[in-house]
Structure formats: structure tokens, C-alpha cells
Amino acid sequence: MSVLKIITIPDSRLKNKSLDVDKYDKELKQKIKDLYDTLYFSENGIGLAAPQVGIFERIVVIDLKEDSKSKPLTLINPKIINKSNEKFINQEGCLSIPGYYADVERSMEIEYEWFDEDGYKQTGIAQGLLSICIQHEVDHLNGVLFIDYLSGLKKKMALDKVLKFNKKNKTSKNDD
Ligand code: ZN
């Protein structure tokens, strides 16, 4: 089991654009496993994109942990091909912005395509929480964070929260 260190703001690497995966090999499977280990180790994460742990490849793992059943979804090179005009507003959080939550407007429904971990192309339609989560994670692959949709003042509040959060965790847990 490898729990990787999650990068938090203001680390500028979160603004990197990640590259397409082109090899569906053992190494990719190991990375996916490490991403799940890291996601499940986090208290409340429902999705994690590879760049959040410093791997700048288009890999996303999602587990909405709904109904106490675990239904993991691995997305390689995901692409949103259609977004509904109908929008809705939900409170979002992010493992790279610990301790901060804010309302973000997203499309209610998306049509998307991706490759599974064996390299087979898949397509699907997502609504509700899954739709938000995919939009949020695909943003990460493009170097976009949910706070980028907020005002400068709210962005600053997010940064203050994270700095406080990280400081507190450092003194109490005594890890790096
Ligand atoms: Zn995030």
C-alpha cells in the first residue's frame, strides 16, 4: 500500500497541464493502485487526479462512496464531450485545498468518454454528484482548481484556510 503525498495550494505544480497516457502497462496499474490507496486514506475524498500527487498524467480515480457501497471508477484520458446547458450549484471541496468549501456552478449532466485501465474506450453520461466530480477532476488535469471560479477574496480565504490547516496538521501529527 502506498499513500502518496497530496500537493496543496499554493503549490504552482497544481497549475500544470497533464499529459495523455499512452501505455497501458503494469506501471500504469501501479499508479492507479497508489491513487486509490491515497484516496481511501483521505477522510472525505471522493475523487483524486494524478497531478494532485505530482504525477502529471491524465489519470483520475473516483469513488463516491454512496450507500456504503464502494463503486470505484478509473478514468484514463477522460474527455467531456457534451455539457448540459442546465446548471446547478453545489458545495465543493478538494483534497488539495483542505479545510475549504465553496459553492460552484457546474453543468447538471455531461457526456464523457475515457479509457479504462486496459486501454478500452468507454463512453457514458453522468448526472448529479458524479457529473460534478468528473468536471472537477478533469479540471485538475488541465491545471484548473475549483477556487479559480471564485472571486479573488474567496481565493485568498481558501489559501488562508489551507495554510492554517497544514500548520495545525504539522504540529499535531509530526510527519513531514
Ligand atoms: Zn480537487
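Before reading further, recall that the structure is shown in the block above.
Residues numbered from 1 in each chain as written. Predicted model: local features only at pLDDT ≥ 70, side-chain atom pairs only at ≥ 80, totals over all residues. Heavy atoms only, no water.

A. Fine view of the pairing of strand E7 (residues 121–127). As paired strands, strand E6 (residues 109–115) and E7 are joined by seven bridges and run antiparallel to one another. By the bridge assignment, Tyr112 is partnered in E7 with Gly124. Hairpin connection between E6 and E7: a loop of five residues separates the two successive antiparallel strands, and Gly119 in this loop has a positive phi of roughly 90 degrees. (Pairing = 2+ DSSP bridges. Helix = DSSP H or I, 4+ residues; strand = E, 2+ residues; numbered from the N terminus.)

B. Up close: the packing of aromatic side chains. For the structure on display, the rule yields four aromatic pairs. For the ring pair Tyr100 and Phe146, a centre distance of 6.4 Å and an interplane angle of 15 degrees mean the geometry is stacked. Separated by 46 residues along the polypeptide, Tyr100 in the loop between strand E4 (87–92) and strand E5 (102–107) and Phe146 in the loop between helix H2 (128–141) and helix H3 (152–173) bring together distant segments of the chain. Like Tyr100, the residue Phe146 is buried in the burial classification. Ring plane angle 15 degrees and centroid distance 4.7 Å describe the contact between Tyr112 and Trp114, whose orientation is recorded as stacked. (Phe/Tyr/Trp six-rings, centres within 6.5 Å; stacked < 30°, edge-to-face > 60°. Buried < 20%, exposed > 50% of the residue type's maximum accessible area, 1.4 Å probe, protein only.)

C. Summary view of a nonpolar patch on the surface. Together, Met1, Val3 and Phe41 make up an exposed nonpolar region whose accessible area comes to about 370 Å². Here Val3 lies in the segment before helix H1 (26–41). Judged by its relative accessible area of 36%, Val3 is partly exposed. (Patch = residues over 30% accessible without salt bridge, like charges linked within 9 Å, V, L, I, M, F, W, Y side chains within 5 Å. Areas by Shrake-Rupley, 256 points an atom, 1.4 Å probe, with all protein chains shown as cover. Salt bridge = Lys/Arg side-chain N within 4 Å of Asp/Glu carboxyl O.)

D. Molecular detail of the pattern of salt bridges. Evaluated as defined, the whole model comprises 10 salt bridges. The salt bridge involving Glu57 is made with Lys31; its shortest N-O contact spans 2.7 Å. A residue pair is termed long-range when its members are at least 10 positions apart, and Glu57 in the loop between strand E1 (47–49) and strand E2 (59–62) and Lys31 in helix H1 qualify at 26 residues. Looking at Lys31, the relative accessible area reads 19%, which means it is buried. Of the charged contacts in the structure, one is a salt bridge between Asp139 and Arg106, with a shortest N-O distance of 3.0 Å. Of the two residues, Asp139 is situated in helix H2 and Arg106 in strand E5; the sequence distance between them amounts to 33 residues. Arg106 shares its class with Asp139; the two are buried.

By themselves, these figures tell us nothing about what the structure is for.
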